[in-house]
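This is what each chain is made of:
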Protein chains: 2
Amino acid sequence: MKKRILTGDRPTGPLHLGHFVGSLRSRVELQKSHEQFVMIADVQALTDHHDRPEVVRQNVFEVACDYLAVGIDPTESTIFIQSLIPEIAELTIYYLNLVTMNRLKHNPTVKQEIKQKGFGDNVSAGFMMYPISQAADITCVQAQVIPVGADQKPMIEQTNEIVRKFNQTYKTDVLVECEGYYSKFTRLPGIDGSAKMSKTLNNAIFLGDPADVLAKKVKRMYTDPNHLRVEDPGQVEGNPVFTYLDAFDPDTEKVQELKDHYSRGGLGDSVVKKYLLEVLEAMLGPIRERRAQYASDPAEVMRILQQGSERASERVQQTLDAVRSAMQINYF
Amino acid sequence: MKKRILTGDRPTGPLHLGHFVGSLRSRVELQKSHEQFVMIADVQALTDHHDRPEVVRQNVFEVACDYLAVGIDPTESTIFIQSLIPEIAELTIYYLNLVTMNRLKHNPTVKQEIKQKGFGDNVSAGFMMYPISQAADITCVQAQVIPVGADQKPMIEQTNEIVRKFNQTYKTDVLVECEGYYSKFTRLPGIDGSAKMSKTLNNAIFLGDPADVLAKKVKRMYTDPNHLRVEDPGQVEGNPVFTYLDAFDPDTEKVQELKDHYSRGGLGDSVVKKYLLEVLEAMLGPIRERRAQYASDPAEVMRILQQGSERASERVQQTLDAVRSAMQINYF
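Residues numbered from 1 in each chain as written. Chains lettered and ligands numbered in written order. Predicted model: local features only at pLDDT ≥ 70, side-chain atom pairs only at ≥ 80, totals over all residues.

1. A look at the environment of B:Ile162
Residues and elements named next belong to chain B. Tracing the chain through its elements places Ile162 in helix H9 (residues 153-169). Separated by 29 residues in the primary sequence, Ile162 and Ile191 have C-alpha atoms spaced 40 Å apart. Look past the residues within four positions of Ile162 in its chain and what remains in contact with it is Tyr95, Leu98, Val99 and Ala135. (Helix = DSSP H or I, 4+ residues; strand = E, 2+ residues; numbered from the N terminus. Contact = placed C-beta atoms within 7 Å.)

See below:
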């Protein structure tokens, strides 16, 4: 039997190359070998976008277009919208009883994010609780494999703690533990050279960027700041142009040649960038085209999301029936 | 149009005279003038009984029998089980985003209960969040009137804060503010003279107590400890026997006579207790009988709960449709 995967994204913006490297690409592979659920996490997006629901609404559609464009196949993967599965909220409420406030406060990921976002004591209860909500996301479809970055290991641990506590408390084995699946490339630098590509940092190449926008972005990419003249030796490490080539060019020999040449000196940034643009365009061109097709047919995209959500709902119903029975709240 | 009431109980034990005085009696009155929803709060009971689901399960039935026995009429009131309305969990999750952790920590009722129950830092997230869950209970049926004790005023305030924040954030008027309805007698002393009648303190007279148990409990009631001989003057204030007469004997003149006689001296405790037993038996006899009838027909009781829950569900669907629409998560 195929193992079940849960994965997904918060719909707070269209997806970019960072998402492609970190997760989208592997989802296209994993959907063949796994039973894959891909969740558009609108409810979770509202935890820190509660006052901008229109942003979340619009990006549910954008993210769905991105998924379909990269080749997440709705006949192989189940793409669904989180808010259409209210049982996730129900599970979250039950799990809240199994986690102490003390434990929540010491979740390293949450602690760091509260600090980063400057929430302090004004952090909302919803944000504070989101690791519990994620445990509900994962367990509602009884997912066994969760593709995540290494920084999200605490989330896997919190989920498995809840799974064990639930099964022990209610003398059941309905919930299953999950394991993280850590992909090789999990983080892509921004075009400005900063560690992470992100919409907020305005350093992202989006999957839907038109060809001319892509060209402009590649042109203004950060490289080795000390590589002033073509004949100078250049630095390959930490140079995002080469990081992108490593991530996207299937011709690894060619990339090695370019790296050697660049290191020796005599290879100009503009030449490498021109080549990178070709590599990216070869990959993104067809994605952009498929994306435009889907974006021009919202009814079809929404039909796919509705069908996926119905399929997810059926799976979740089975879990909830067993959960309610274990908790003895199955009255009828 | 009749105003809507939400009221209810946590099913952690059968109901006693304290509940009768504090809420049950007024519900029988209020159901005539109001559209009354009576919730058996099994999910809330699980916040501090998560490891004893069998207690909650059993008492859902006991509490339903108590309701029906005292005259809460399922054709006039909507009696429903909280867990059968998963939309309450859904609303709770949305409201969590509108309340800061700081605000939650300073809820006086929660603070006091955490102290009383000795939870400290080990308080569960579920318990910490329950004021938000209560706001969901109230607003899911758009209740306007909430019968509560004065100590629960902070709960009404928290609910109205959420209502205002939600309506303001999502530019809507779907949620309505509520007001507390404070009944005259809100607390009945235990038969041991302690301030509160409670199952835990083992000082309660239950609605279903058999006649002989009732007689024994009245016999061992705490009175004036200095009233050693019949001819001594006795203390009426703080004497639970007289507090019960005030609460339950419709013949106020007779009660006044007894009080005067007791204060002067010459009236023995056993005589007053015998009279109190007559008063209580006159009231509880018919309740006990109806209760036994319902308890012997679980299928009928569960049918009533199922019908009530379906009726509540219809009402709640209307609220959720409007809530999801305001939050722009109404995709289909």
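2. Description of the interface of chain B and chain A
Contacts between the two partners involve 43 residues from chain B and, on the opposite side, 43 residues from chain A. Residues belonging to the side of chain B that touches chain A are distributed by class as follows: 23 nonpolar, 13 polar and seven charged. (Nonpolar A, V, L, I, M, F, W, Y, C, P; charged D, E, K, R; others polar.)

3. Overview of the packing of helix H10 (residues 211-219) of chain B against helix H13 (residues 269-295) of chain B
Helix-helix packing: each pair is described by the crossing angle between the helix axes and the interaxial distance. Residues and elements named next belong to chain B. Orientation of H10 relative to H13, taken along the N-to-C sense of each, is 145 degrees, at an axis distance of 10 Å. H13 is crossed by H10, and the crossing has right-handed handedness. Taken together, the residues of H13 that come into contact with H10 (itself represented by Ala211, Leu214, Ala215, Val218 and Lys219) are Lys273, Leu276, Leu277, Leu280, Glu281 and Leu284. Its residues assigned to classes, the contact of H10 with H13 comprises eight nonpolar, no polar and three charged. (Axes fitted to C-alpha atoms, helices over the stretch in contact; angles between N-to-C directions. Left-handed = near helix turned anticlockwise from the far one by under 90°.)

4. Here we look at the domain arrangement of chain A
Residue and element names in this part refer to chain A. If you check the domain split of chain A, you get domain 1 (4-188 + 298-326) and domain 2 (211-292). Once you take the C-alpha centre of each, domain 1 and domain 2 turn out to be 34 Å apart. With eight residues of domain 1 in contact, the opposing surface of domain 2 contributes four residues. Ranked by residue count, the leading element in the side of domain 1 that touches domain 2 is helix H3 (residues 53-70), at five residues. Classifying every residue of the side of domain 1 that touches domain 2 gives seven nonpolar, no polar and one charged. (Domains from an automatic or database assignment.)

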